[in-house]
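# Close look at the chain arrangement
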Amino acid sequence: MQDRLWAPWRLEYITNAVSTPPAPQPAHTCFICQGIADNNDAAHLIAYRSKFSVVQLNKYPYNNGHLLIAPLTHSATLNELSDDVLLDLQHNVRLMMNHMDRFMKPDGYNVGLNLGRVAGAGLPGHLHWHVVPRWNGDTNFMPVLAQTKVISQSLEAFRHLLVESLAKE
């Protein structure tokens, strides 16, 4: 079990810290917006478009099947999204998991949303959900000893399977 050091006096420092937020990323430099604007979905690793959102494969996946689900609008916060857009995004999270369950059969998923660079967002200007399938035993010695993650399928092969599965619906 991990020890904890309680330091409540640090709260004042943390809440009063002055930080310079990164400049908002313009939509024209956003890889998600670039994919949305282009009609070559395969080139941008886009697997699915709905009325309000897009599903794109992560070009640098944490695990095989790692998806990004983003609104069509370049929005950085949840407050910028309408209820219809939020609902559409969540429906697509569920839809993608249902399809991956059929042809990948993962044992579970990590689903997350990083808001802001400090929270780990690599693209803080365009919020997006990460959907990462997980299997028992998918973590091994490679990331620990060799700082290398082994991805067992090409992005193109995974995209093909997902698009094919979605087309059957």
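Residues numbered from 1 in each chain as written. Predicted model: local features only at pLDDT ≥ 70, side-chain atom pairs only at ≥ 80, totals over all residues. Heavy atoms only, no water.

Across the protein, the average pLDDT comes to 85, with 77% of residues at 70 or higher. Considering each helix and strand of the protein separately, the mean pLDDT is smallest for helix α4 (residues 141-145), with a value of 54, and largest for strand β1 (residues 46-49), with 98. (pLDDT = per-residue confidence, 0-100. Helix = DSSP H or I, 4+ residues; strand = E, 2+ residues; numbered from the N terminus.)

On to helix α3 (residues 83-103), then. Given 3.6 residues per turn, any residue in an α-helix points the same way as the ones three and four places further on. Relative to the 30 Å expected for 21 residues at 1.5 Å per residue, α3 spans 31 Å between its end C-alpha atoms, a close match to the ideal helical length. Within α3, the full set of buried residues consists of V85, D88, L89, N92, V93, L95, M96, H99 and M100. The elements touched by buried residues of α3 are β1, β2 (53-57), β3 (67-71), β4 (108-113), β5 (129-134) and α5 (155-167). Just downstream of α3 lies K105, where phi reads positive at about 55 degrees. (Expected span 1.5 Å × (residues − 1). Buried < 20%, exposed > 50% of the residue type's maximum accessible area, 1.4 Å probe, protein only. Contact = heavy atoms within 4.5 Å.)

Tallied over the full model, the rule gives 1 aromatic pair. Ring centres of F103 and F158 lie 6.1 Å apart, and the angle between their planes is 40 degrees; on these two criteria the pair is classed as tilted. One end of the pair, F103, is in helix α3; the other, F158, is in helix α5, with 55 residues separating them in the sequence. (Phe/Tyr/Trp six-rings, centres within 6.5 Å; stacked < 30°, edge-to-face > 60°.)

A word on the nonpolar core. Counting residues in hydrophobic clusters, the biggest one holds 20 residues, and the most contacted among them are L67, I69, M96, M100, F158 and L162. Mapped by element, the contributors of at least two residues to this core are β2, β3, α3, β5 and α5. What M100 contacts, discounting residues up to four positions off in sequence, is G65, L67, K105, P106, Y109, V131, P133 and F158. (Core = buried A, V, L, I, M, F, W, Y, C linked by side-chain atoms within 4.5 Å.)

Let's shift gears to the pairing of β2. The element β2 is largely enclosed, with a buried count of 5 among its 5 residues. In the sheet, β1 pairs with β2 via 3 bridges, with the strands oriented antiparallel. When the bridges of β2 are listed, I46 appears paired with Q56. Hairpin connection of β1 to β2: 3 residues between the antiparallel strands. Note: β2 against β3, 5 bridges, orientation antiparallel. Bridging across to β3, V54 finds its partner in A70. (Pairing = 2+ DSSP bridges.)

Another point: the pattern of salt bridges. Tallied over the full model, the rule gives 1 salt bridge. Measuring nitrogen to oxygen at the nearest pair gives 2.7 Å for the salt bridge that ties R49 to D41. Judged by relative accessible area, D41 falls into the partly exposed class, the value being 22%. (Salt bridge = Lys/Arg side-chain N within 4 Å of Asp/Glu carboxyl O.)

This paragraph deals with the sheet that holds β1. Strands sit in the order β1-β2-β3-β5-β4 across an open sheet of 5 strands; the sheet is antiparallel. Because the sheet does not close on itself, it has two edges, and the strands there are β1 and β4. Averaged over all adjacent pairs, the angle separating strand axes in this sheet is 20 degrees, with direction ignored. Inspection of the sheet shows β3 paired to β5 by 3 bridges, in the antiparallel sense. Paired with L67 across the two strands is V131, which belongs to β5. Against the sheet, α3 touches β1, β2, β3, β4 and β5, its axis set at about 160 degrees to β3. The strands that α5 touches are β1, β2 and β3; relative to β1, the one it contacts most, it runs at about 25 degrees. (Axes fitted to C-alpha atoms, helices over the stretch in contact; angles between N-to-C directions.)

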